[in-house]
Amino acid sequence: MIHLVKLCVGVSSFDELESYRNERAHWWGADYGEEVHVHRTRTTPKRGDELLAGGGSIYWVISGVIRCRQPILRFQAATDKEGKDCCDIIMSRDMVRTLPYPKRPFQGWRYLEPKDAPPDMATGAQEEGSEFIAEELARLGLL
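Residues numbered from 1 in each chain as written. Predicted model: local features only at pLDDT ≥ 70, side-chain atom pairs only at ≥ 80, totals over all residues. Heavy atoms only, no water.

1. Considerations on the overall build of the chain
Across its full length, the chain carries 3 helices and 7 strands. The buried share among the 143 residues of the chain stands at 40%. Partitioning the intrachain contacts of the chain with sequence separation of at least 6 by distance along the chain shows that 69% fall at a separation of at least 24. Of the roughly 8500 Å² of accessible surface on the chain, a fraction of 50% belongs to carbon and sulfur atoms. (Helix = DSSP H or I, 4+ residues; strand = E, 2+ residues; numbered from the N terminus. Buried < 20%, exposed > 50% of the residue type's maximum accessible area, 1.4 Å probe, protein only. Contact = heavy atoms within 4.5 Å. Areas by Shrake-Rupley, 256 points an atom, 1.4 Å probe, with all protein chains shown as cover.)

2. Observations regarding the confidence of the model for the chain
Detailed reading of the predicted coordinates is not advisable wherever pLDDT falls low. A residue-level look at the chain finds 78% of positions with pLDDT of 70 or above and a mean pLDDT of 84. At the low end of the mean pLDDT range in the chain sits helix H3 (residues 130–139), at 60; at the high end sits strand S3 (residues 57–62), at 96. (pLDDT = per-residue confidence, 0-100.)

3. Regarding the packing of aromatic side chains
All told, the structure shown has 1 aromatic pair when counted by the stated rule. Taken together, a centroid distance of 5.3 Å and an interplanar angle of 75 degrees make the contact between tryptophan 109 and tyrosine 111 edge-to-face. Accessibility expressed as a relative area gives 15% for tryptophan 109, which makes it buried. Over the ring of tyrosine 111 we find arginine 47; its NZ or CZ atom is 5.1 Å from the centre of that ring. (Phe/Tyr/Trp six-rings, centres within 6.5 Å; stacked < 30°, edge-to-face > 60°. Lys NZ or Arg CZ within 6 Å of the ring centre and 35° of its normal.)

4. What to know about the nonpolar core
Leu4, Leu17, Ile58, Trp60, Ile72 and Ile89 are the most contacted members of the largest nonpolar core, which has 18 residues in total. Mapped onto this core, the elements with two or more residues apiece are helix H1 (14–28), S3, strand S4 (65–79) and strand S5 (85–91). Ignoring sequence-local partners within four residues, the contact set of isoleucine 89 consists of Leu4, His37, Val38, His39, Thr41, Ile58, Ile72, Arg74 and Phe75. Val5, Tyr59, Val61 and Phe106 belong to the second-largest nonpolar core, a separate cluster that totals 7 residues. (Core = buried A, V, L, I, M, F, W, Y, C linked by side-chain atoms within 4.5 Å.)

5. Notes on unusual backbone geometry
Positioned with a positive phi, serine 63 is a non-glycine residue whose angle comes to about 55 degrees. Checked against the element boundaries, serine 63 lands in the loop between S3 and S4. Serine 63 gets classed as partly exposed once you look at its relative accessible area, which sits at 48%.

6. Considerations on the pattern of salt bridges
In total, this model carries 6 salt bridges according to the counting rule given. Where aspartate 120 meets arginine 69, a salt bridge forms, and the shortest distance between an N and an O atom there is 2.8 Å. With aspartate 120 in the loop between strand S7 (109–112) and H3 and arginine 69 in strand S4, this pair connects stretches of sequence that are 51 residues apart. Note that lysine 115 and aspartate 116 form a salt bridge whose closest N and O atoms lie 3.3 Å from each other. You can call lysine 115 exposed: its relative accessible area is 71%. (Salt bridge = Lys/Arg side-chain N within 4 Å of Asp/Glu carboxyl O.)

7. Thoughts on the state of the cysteines
According to the stated counting rule, one finds 0 disulfides in the structure shown. Considering cysteine sulfurs only, cysteine 68 is the nearest to cysteine 8, which forms no disulfide, with 7.1 Å between them. (Disulfide = S-S within 2.5 Å.)

Now the structure itself:
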């Protein structure tokens, strides 16, 4: 199993990402006839089969911290507005909060080994303020 990690540019919090995705969900999945989220990228992941076979996710880096993930459902060849080939990464609409994990900036996406992926936050641990505490503990190397 393997995952992808991707910067979420222009978004400053998990709540902002969730709101952004909810506002646009009506047209993101329209091309596919289902309620999904789509991320368009220039290249198809070379390890796509491994991502799909193992139940891979995209881990989103928001403001320098991995904060959540979305399960990847499949990849679809596409063509952008300029007629260039690209790849749509079709994801579940479910966004799973993870324990905050600092991540330096990078371009594009990177593969993420499961051993390096932050664990999901426990359901009850998603109360207001708990993410801030977890982020501070991670920054101090205590989590």
